[in-house]
Amino acid sequence: MALAVPATLWLLVAFAAPMAIVLLLAVQESPDPFAPISLMPSLAQFAAILGDSYYIETIASTILLGLGVTLAAATLGYPLALWLARLPAQWRPYAFAIVLIPLLTNVVVRSLGIVLLLAPDGLVNGLLSPLGLGRPQGWLFTHFAVGLALTQVFLPFMVLALYDSLVQADKRLDEAAASLGASRIRRFFAVTLPLSLPGLRAGLTIVFLLASTAYVSATILGGKKVWVAGMIVWQEALTNLNAPTAAAMAVIMLVWGIAFAVLAERVVRVLTPWLQKAGAKPFAFELPPELARRLVALGDAAGGIVARVLLGLAIFLLIFPLTLVVVQSFNDVPQASVAGFRAFTFKWYAAAFDASTYLRDARNSLELALISMLIALTLALPAAFALVRAEFPGKGAVAAFWMLPLALPHVAIAVGMLRLLQWFIAIPPFWGLVMVHVVVILPFCISMLRTSVLQLDRSLEEAASSLGATRGLVFVTTILPNLAPGLAVAGILAFLISFGEVTVTSFLTTARMQTLPVRIYAEASFSLEPTVHAISALTIVGTVALLAIVNRFVKLDRVWAR
């Protein structure tokens, strides 16, 4: 029980308290920032939002955008996850880099790659123009641009969720179906897809929740012409200083996220009766025999080609925008959004290293990520032992509470923490950021260290104890060395996630306390200086180098394994 206390206390202070403040702000009568906090609940903020056609249109547009991104991520993610799961084991870690490099590169850099792809002289416009489908101003500042950027950003989460289910599926079922004469398309719909439904449900839920609450990519690709709910939260909280309306909008986002998760759970429950308790009624749906025969024939003829095309598109979407950013960092162009290559130059790197603001912000990000990583590991290690080896009342509820920061909108956490810091102004902004960053990375650290603790050989500890070693000595001389690879991997990934975090961080930075991703975000939103590509390219190279180090400790395909 004592092992669970440190992580629980941290999350109570830095996560539960901000969320409670969001709920309190959402039920305030007055939006006046100087009005006293009332304990009498009011629905005035919700009524104001739901009675305003602009807010309603934005909410509807955001939900539709989230659904479209979720559908696109599932369509592109499934072939990629299936390909990864069926690769020979020796090649899988290298192929996994296709997913992990974008995942751990910050969202602003990836969005900049999409800007180059959709620019007036970008690749998409160049391909569509001969067909009469190009646009003079490119495809920027449209819902398509925002949707494509969000799909690129959240596609790795769908792939990881699906891969987890596909790799654990019993391959003998597919072999048995093949031996009975089932074609490839029949085996896919009768065996592979049903077995992967739990992973698909997790992927759909995660991607919808993240896509429908995101605002960074929408700001960069939407150019203030496409508005989403997260941008309203940001504007109300930071520009209009209207915390109650921002909090009410965050709560509405939370409600639709929970509603989607419940709906996805119900649908998958109906479709997977074999995973439920005995007595569950199986879902049965049969097409007319002739229609089924024609569809199977069509699937057998075209299914392989379609799968390869989708696989190629998924890999292209994940990697090509990052490649464009690196190439653009050497391009001698007058503006960042000019995609055509003009001439080779190092001047953007020289400008980046000469700019004291970039160096100062990079130092802030490094210090923030290092301190957050060390605190998160210190909290996660006893929590992982509590999950694996301890038995105490409410263990399941505590474990679920530790994972909650992954499931709730980060903008809601940001609004609550922003208000908390405004009330307790004695807390320096840097330590406020540390508190939130630890909340963001702690669930990842606990999950990864739990796997490492499960793999410990307890006979070694028993042997050390039988030789007279104290519990402290056993921990230092036996447990810690065996956990070192897991600690290193969790630490590096936590560092990368914290270093690239911008969704919550942009709410809490000040003029004197900026981080590098927030600086890049500001430059991308308000300036067209190509120096931002040089900084972005350096972060991509840093991410690749750190993943190469991770691969020396644990193969990349096992990093997110349960």
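All chains use their own residue numbering, which begins from 1 and follows the written sequence. Reporting in this predicted model follows two pLDDT cut-offs: at least 70 for local features of residues, and 80 or more for side-chain atom pairs to be given and counted; totals over whole chains, interfaces and linings ignore these cut-offs and use all residues. Think of the side-chain values as coming from all heavy atoms in the structure, minus any hydrogens and water.

What exactly am I supposed to notice about the nonpolar core here?
In globular proteins that are soluble, nonpolar side chains generally tend to be buried together. Residues Leu 221 and Trp 402 are the most contacted members of the largest nonpolar core, which totals 178 residues. Contacts are assigned to residue pairs with any non-hydrogen atoms lying within 4.5 Å of each other. When residues no more than four places from it in sequence are discounted, the contact partners of Trp 402 are Ala 4, Ala 7, Thr 8, Leu 11, Ala 383, Ala 386, Leu 387, Pro 443 and Ile 446. We define a nonpolar core as any set of buried Ala, Val, Leu, Ile, Met, Phe, Trp, Tyr and Cys residues linked to one another through side-chain atoms lying within 4.5 Å. Burial classes follow relative accessibility: with a 1.4 Å probe on protein chains only, a residue under 20% of its type's maximum area counts as buried, one over 50% as exposed, and anything between as partly exposed.

Quick question: what am I supposed to make of the packing of aromatic side chains here?
For any pair of aromatic rings, the description consists of the separation of the ring centres together with the inter-plane angle of the planes. Paired rings are identified among Phe, Tyr and Trp, the last through its six-membered ring, by centres lying within 6.5 Å, and are further divided according to the angle between planes into stacked (under 30 degrees), edge-to-face (over 60) and tilted (the rest). A complete count under the given rule lists 17 aromatic pairs for this structure. Aromatic side chains Phe 96 and Tyr 163 sit 4.8 Å apart centroid to centroid with 70° between the ring planes, which places their arrangement in the edge-to-face category. Of the two residues, Phe 96 sits in helix H4 (residues 92-104) while Tyr 163 sits in helix H7 (residues 143-168), which places them 67 residues apart along the sequence. The rings of Phe 330, Phe 344, Phe 346 and Tyr 349 are connected pair by pair, giving a single aromatic cluster. Strands here mean DSSP runs of E at least two residues long; helices mean DSSP runs of H or I at least four residues long; both are numbered from the N terminus.

Sorry if this is basic, but what is going on with helix H18 (residues 410-423) here?
Along an α-helix, a turn takes 3.6 residues, which lines up residues three or four apart on a common side. Along its 14 residues, H18 runs 20 Å from first to last C-alpha, staying within 8% of the 20 Å computed at 1.5 Å per residue. Inspection of H18 places Val 411, Ala 412, Ile 413, Ala 414, Val 415, Gly 416, Met 417, Leu 418, Arg 419, Leu 420 and Leu 421 among the buried residues, and these make up the whole buried set. On the buried face of H18, the contacting elements are helix H1 (5-26), helix H12 (229-239), helix H13 (243-271), helix H19 (429-454) and helix H22 (505-508). To estimate the expected span of a helix, subtract one from its residue number and multiply by 1.5 Å.

Can you walk me through helix H15 (residues 347-354) in this structure?
Restricting attention to buried positions, one finds in H15 the residues Trp 348, Tyr 349 and Ala 352. Looking straight down H15, one finds that the buried residues subtend no more than 100° of arc, so they occupy a single side. Of the surrounding elements, those touching the buried residues of H15 are helix H14 (289-328), helix H16 (356-389) and helix H24 (531-553). What the arc describes is the spread of directions from the helix axis to the C-beta atoms.

Explanation requested: the side chain of Asp 361 in the structure shown.
In this fold, Asp 361 is placed in helix H16. Residue Asp 361 is classed as buried on the basis of its relative accessible area, which comes to 0%. When near neighbours in sequence (up to four residues on either side) are disregarded, Asp 361 contacts Gln 514, Thr 515, Leu 516 and Arg 519.

Explain the pattern of salt bridges to me, please; I cannot follow it from the model alone.
When the charged atoms of two side chains with opposite charge come close together, those side chains can pair. Any Lys or Arg side-chain nitrogen found within 4 Å of a carboxyl oxygen on Asp or Glu counts as a salt bridge. Across all of its chains, the model carries ten salt bridges by this definition. The closest approach of N and O atoms between Arg 187 and Asp 174, which form a salt bridge, is 3.3 Å. Of this pair, Arg 187 sits in helix H9 (residues 184-195) while Asp 174 sits in helix H8 (residues 171-179), placing them 13 residues apart in sequence. Classification of Asp 174 as partly exposed rests on a relative accessible area of 21%. Note that Glu 391 is salt-bridged to Lys 395, the shortest N-O span being 3.5 Å. A single network of salt bridges, built from pairs that share partners, joins Glu 290, Arg 293 and Arg 294.

Got a minute to help me understand the environment of Leu 406 in this structure?
For Leu 406, the position within the fold is in helix H17 (residues 395-407). Residues Leu 406 and Leu 209 lie 197 residues apart in sequence; the distance between their C-alpha atoms is 9.8 Å. Excluding residues that lie within four positions of it along the chain, Leu 406 makes contacts with Leu 209, Pro 443 and Phe 444.

How do you make sense of the packing of H16 against helix H21 (residues 471-500) when you look at a structure like this?
Two measures define how a pair of helices packs: the angle their axes make with one another and the distance between the axes. Here an angle of 0 to 180 degrees is reported between the N-to-C directions of two axes, which are lines fitted to C-alpha atoms, with helices fitted over the stretch in contact. In the contact formed by H16 and H21, the axes pass within 9 Å of each other and the chain directions differ by 140°. When the interaxial angle is binned, H16 and H21 end up oblique. Handedness of the crossing formed by H16 with H21: right-handed. On the side of H16, the interface is formed by Ala 362, Ser 365, Leu 366, Leu 368, Ala 369, Leu 370, Ser 372, Met 373, Leu 377, Leu 381 and Phe 385, while H21 contributes Phe 475, Ile 479, Leu 483, Leu 487, Ala 490, Gly 491, Ala 494, Phe 495, Ser 498 and Phe 499. Working rule for angles: under 35 degrees goes down as roughly parallel, over 145 as roughly antiparallel, 65 to 115 as roughly perpendicular, anything else as oblique. By convention, the crossing between two helices is left-handed when the near helix turns anticlockwise from the far helix through less than a right angle, and right-handed when the turn is clockwise.

Help me out: how do you make sense of the environment of Ala 488 in this one?
Secondary-structure assignment places Ala 488 in helix H21. Exposure remark for Ala 488: the relative accessible area of 23% places this residue in the partly exposed category. In this structure, the C-alpha to C-alpha distance between Ala 488 and Leu 313, residues 175 residues apart in sequence, is 33 Å.

Hey, could you run me through a positive patch on the surface in this one?
Patch definition: residues with relative accessible area over 30% and no salt bridge; like charges joined within 9 Å; nonpolar side chains (Val, Leu, Ile, Met, Phe, Trp, Tyr) joined within 5 Å. All accessibility values rest on the Shrake-Rupley procedure with a 1.4 Å probe; residue burial counts only the protein chains present in the view. For the charge count, each Lys or Arg is scored as positive and each Asp or Glu as negative, with His and the chain ends excluded. Every charge is mapped onto a representative atom, which is NZ of Lys, CZ of Arg, CG of Asp or CD of Glu. Residues Arg 86, Lys 171, Arg 184 and Arg 308 make up a contiguous surface patch of positive charge. On the secondary structure map, Arg 308 appears in helix H14.

What exactly am I supposed to notice about unusual backbone geometry here?
Both trends apply: most residues other than glycine have a negative phi, and most peptide bonds are in trans. For Lys 224, which is not a glycine, the phi torsion comes out positive at approximately 65°. Tracing the backbone shows Lys 224 in the loop between helix H11 (216-222) and H12. Lys 224 gets classed as partly exposed once you look at its relative accessible area, which sits at 47%. For Leu 241, which is not glycine, the phi torsion reads 55° and is therefore positive. Secondary-structure assignment places Leu 241 in the loop between H12 and H13.

Even after reading the chapter, I still don't get the packing of H12 against H13, so can you show me in this structure?
At a minimum axis separation of 7 Å, H12 and H13 run at an interaxial angle of 160°. Put simply, H12 runs roughly antiparallel to H13. Every pair of crossing elements has a handedness; the one defined by H12 and H13 is left-handed. For the pair H12 and H13, the contacting residues are Ala 229, Gly 230, Ile 232, Val 233, Glu 236 and Ala 237 in the first and Ala 243, Thr 245, Ala 246, Met 249, Ala 250, Met 253 and Trp 256 in the second. Residues that form the contact of H12 with H13 fall into these classes: ten nonpolar, two polar and one charged. By the convention adopted, Pro, Cys, Tyr, Trp, Phe, Met, Ile, Leu, Val and Ala count as nonpolar, Lys, Arg, Asp and Glu as charged, and the other residues, Gly among them, as polar.

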